[in-house]
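Structural characterization, general
One letter stands for each residue in the lines below.
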Amino acid sequence: MAVSPAVTTLCENPNEAFLDAAKLLITYADNILRCPSEEKYRSIRIGNPTFSTKLLPVTGAVECLFEMGFQEAETHLVFPKTASIEQMRWIRDSIAAERDRRLGGGQPLQPRAPSAAASTSAPQSSASPAATSTSSQPVTSPQPQPSSLENSMSFIVTLQSNFQHVMLYESTELQQKARSLIPHQQHSSAAQLKLKQARDADPECKLGLEDFVVLELLRWFKQDFFSWVDCLSCSRCGGPTQNSGSLNPTAEDLRWGAQRVENHYCHSCQLSTRFPRYNNPEKLLESRRGRCGEWANCFTLCCRALGLEARYVWDSTDHVWTEMYSVSQRRWLHCDSCENACDKPLLYEVGWGKKLAYVLAFSKDQVVDVTWRYSCKHPEVLSRRTRVQEAWLLHTVNGLNASRQQSLSPERKKELTERLLVELVEFISPKKPKAGELGGRNSGSMAWRVARGEDGGAAAGTSTQTAGFVFTPTEKEKEDRLLHVRYSATKDHYCRVSNNSELLQTWDQCVWEKKSVFRKVENDWLMVYIARTEGSAVGRISWKFDFAPAGMKIKSVSIMASSETFNSGKVRWYLQVGQITTEFPGDGEMQSLHNLSGSSQFLVVADLSGGDGESSWQHSQLFRRSLKETEDSSFEILVHLEEA
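Since this is a predicted model, take the numbers as computed values, not measurements.

Right, let's talk about the sheet that holds strand 20 (residues 517-522) for a bit. Strand order in the open sheet made by the four strands is 20-21-29-24, with antiparallel pairing throughout. Edge positions in the sheet fall to strand 20 and strand 24 (563-565), since each has one partner strand and no second. Direction aside, neighbouring strands of the sheet carry axes that sit 35° apart on average. Sheet topology places strand 20 next to strand 21 (residues 527-532); six bridges connect them, and they run antiparallel. Its bridge partner lying in strand 21, V517 is registered against R532.

If you want it as structure tokens, here you go:
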């Protein structure tokens, strides 16, 4: 017989607390089962004193409501007309069976799990397994502005639903299904090679194998496995569609947690293409598409499937991602599968321009308020944290953790406490932004990013990264008098050949400046390239080399860059030394430039412009390559050096 995780948790409460909660839960269910068309029975006000005193403090009680089919709205929990009555009856009967057993009413009932029941309780939103948006079936009574109490109650419901949802990632069957789809042996081999290269280059390297495994997993997940959805192509003509509201979910949709189904409408065919917003990570292993909610949901499961300690991160400004614990570095690493970004926690506040307030991480063992890792503007963030009182939040999080950790060993509890102390020390001092954290969002269409205010100013042509990465000679490069760098578009990494083939991940990690450019992966055509962001008239990317700090100067430079243009698109490549520029073709051929001799620094710059129509941004491309290529060199620089 299938077992409800929420009911199992509810049964762990002391007898009196269980019976009080059970009575209320059964009443809520019976009211709907007897009068399914009566609107007043289909909503529960979160600020209701009975709800806040009898249910909210009881572990598993609110989770039971989620498993019945209730969804979180602004000030209420709502049971939609599209929710499964059979699912509600199953949860209700499971609770009643345990109540009867405790009251001595004979043998417990044996309720059967419904065939189309959702296997998770957490409601769906555009960004998160735990919904914060209004239900598709609005409550008919007026919605009052939430009071301080209602804010607190709504917040704890969000915490509980996320905390319940992450337990899905611990299913051994689900982890096995995920492992069967991940080329983990290939990832492990690549990670071992890169770890060896890193340690050869730096014997003091503190990175571990799991650090490189997660980099491989991020790359694979974005490039090969999952795809982003703004609007689906028309299922009849294959043309563009427009999001035109919601459709009613089917029983099959509800089974996989898709309480909301988007209507992607084709004006040419006058046909609707359904896009269920699945919330169950098992289904996401099959559909492999969505927006940030689906991405983070499925990616966190993949991390757990490979034995990585991972937690799901919820941001109150409507984004979600993952964190992975690095055993070798003894700290949690930010991982955003949508962006193929690792250890760039200031990306959202600095790069995207988000006004953060609450960021919380959820794992099978604990909830942690990690807001301060993702901000370098702590006073500003603190001024926005007005939804609940800080003391209340701390008390609530501690209560959730104490409840979840009851069955843990003393050793595990000690380990979690020590990790938390390390995090708290980390949070005290805000960090300065790194080069890779200074750009706008890459995932999603430009219109979608602009609407969310996450384009980093790219739509206005102001998305510029400054004070970025600078190539300076290492001791080995000084000794060899050579700096040699290659970039692979398909693998999206730089190889510093002259420094024991050191690898540097992601295209923008070594960039000095970028303006309105991003890395585009075409999964349909299996192509990858760097282009202007959608809607931008011009784009620019540059790399900086400076040899003065090492007491060296340039003897000669050889450079190869590849670019392609379509229609009236243009790409201009040049080297810049002060006010002097030297142009060179981006034809994929190595060019020798001797007129930089004696200089101590230079920039390599690519300007992208031109093109026709709505897709003009695609008509000038850098480093275009097929993803099928196993080896490629899209950009290469050799600088021969001499003493200054």
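Next comes the rest of the write-up.
Now for the sheet that holds strand 5 (residues 242-247). Overall, antiparallel pairing links the three strands, which are arranged 5-6-7 in an open sheet. At either end of the open sheet lies a strand with only one pairing partner, and these are strand 5 and strand 7 (271-276). In this sheet, neighbouring strand axes are inclined to one another by 35° on average, regardless of whether the strands run parallel or antiparallel. Direction of pairing for strand 6 (residues 261-266) relative to strand 7: antiparallel, over a ladder of six bridges. Paired with C266 across the bridge in strand 7 is L271.

On to the packing of helix 8 (residues 184-201) against helix 9 (residues 209-225). Direction vectors running N to C along helix 8 and helix 9 enclose 130°, while the axes themselves pass 8 Å from each other. On the basis of the axis angle, helix 8 is oblique to helix 9. Seen along the crossing, helix 8 lies across helix 9 with a hand that is right-handed. Here helix 8 contributes H187, S188, A190, A191, Q192, K194, L195 and A198 to the contact with helix 9, which in turn contributes L209, F212, V213, E216, L217, R219 and W220.

Time to look at the pairing of strand 10 (residues 319-326). In terms of burial, strand 10 is a largely internal element, eight of the eight residues being buried. The alternating pattern of strand 10 places H319, W321, E323 and Y325 and V320, T322, M324 and S326 on opposite faces, both of which are buried. Bridge count for strand 9 (residues 310-315) against strand 10 is six bridges, and the pairing is antiparallel. Across the sheet, Y312 pairs through a bridge with T322, a residue of strand 10.

As a further point, take the pattern of salt bridges. Side chains that carry opposite charge are capable of pairing whenever their charged atoms lie near each other. Taken as a whole and assessed by the stated rule, the structure comprises 48 salt bridges. Note that R331 and D343 form a salt bridge whose closest N and O atoms lie 2.8 Å from each other. Pair noted here: R331 is in strand 11 (residues 331-336) and D343 is in the loop between strand 12 (341-342) and helix 13 (347-352), with a separation of 12 residues, a long-range link. Here R331 falls in the partly exposed class, since its relative accessible area comes to 27%. Judged by its relative accessible area of 22%, D343 is partly exposed. Linked by salt bridges that have partners in common, E309, K364, D365, R412, E415 and R419 make up one network.

All right, on to the side chain of S498 then. Secondary-structure assignment places S498 in the loop between strand 17 (493-496) and strand 18 (502-505). Ignoring sequence-local partners within four residues, the contact set of S498 consists of K476, E477, D480, L482, L483 and H484.

This part takes up the packing of aromatic side chains. Scanning the model with the defined rule gives 33 aromatic pairs in all. Relative to W352, the ring of Y348 lies with its centre 4.9 Å away and its plane at 80°, an arrangement referred to as edge-to-face. Of this pair, Y348 and W352 both sit in helix 13, four residues apart, which is roughly one turn of that helix. Taken individually, Y348 and W352 each receive the classification buried, so the pair is uniform in this respect. Taking the ring centre of Y278 as reference, the NZ or CZ of K283 above it sits at 5.4 Å.

Within the largest apolar cluster, 55 residues are counted, with the highest numbers of intra-cluster contacts made by F221 and L360. In terms of residue count, the dominant contributor to this core is helix 12 (residues 292-305) (nine residues). Ignoring sequence-local partners within four residues, the contact set of L360 consists of F155, L159, Y312, V313, W314, V367, V368, D369, V370 and V397. Counting 40 residues, the second-largest nonpolar core is a separate cluster that includes L483, F547, I554 and V557.

This part takes up the confidence of the model for the chain. Mean pLDDT over the chain: 83, with 86% of residues reaching 70 or higher. Within the chain, the lowest mean pLDDT, 51, falls on helix 17 (residues 446-452), and the highest, 97, falls on strand 13 (residues 359-362). A low-confidence stretch, residues 106-147 stays under pLDDT 50, and its non-local contacts, those more than four residues away or across chains, total 119 contacts. Within the model, the stretch residues 458-467 combines pLDDT values under 50 with 31 contacts to residues more than four positions away or in other chains.

As a further point, take helix 8. For helix 8, which comprises 18 residues, the first-to-last C-alpha distance of 25 Å matches the rise-based estimate of 26 Å (1.5 Å per residue) to within 8%. Every buried residue of helix 8 is accounted for by H187, A191, K194, L195, Q197 and A198. Axial view of helix 8: buried residues confined to an arc of 165°, hence all on one face. Seen from the buried face of helix 8, the exposed residues on the opposite side, beyond 90 degrees, are Q185, Q186 and K196. In this structure, the buried side of helix 8 is in contact with helix 9, strand 17 and strand 18.

Conventions and cut-offs
- Residues numbered from 1 in each chain as written.
- Predicted model: local features only at pLDDT ≥ 70, side-chain atom pairs only at ≥ 80, totals over all residues.
- Heavy atoms only, no water.
- Pairing = 2+ DSSP bridges.
- Helix = DSSP H or I, 4+ residues; strand = E, 2+ residues; numbered from the N terminus.
- Axes fitted to C-alpha atoms, helices over the stretch in contact; angles between N-to-C directions.
- Parallel < 35°, antiparallel > 145°, perpendicular 65-115°, else oblique.
- Left-handed = near helix turned anticlockwise from the far one by under 90°.
- Contact = heavy atoms within 4.5 Å.
- Buried < 20%, exposed > 50% of the residue type's maximum accessible area, 1.4 Å probe, protein only.
- Salt bridge = Lys/Arg side-chain N within 4 Å of Asp/Glu carboxyl O.
- Phe/Tyr/Trp six-rings, centres within 6.5 Å; stacked < 30°, edge-to-face > 60°.
- Lys NZ or Arg CZ within 6 Å of the ring centre and 35° of its normal.
- Core = buried A, V, L, I, M, F, W, Y, C linked by side-chain atoms within 4.5 Å.
- pLDDT = per-residue confidence, 0-100.
- Expected span 1.5 Å × (residues − 1).
- Arc of directions from axis to C-beta.

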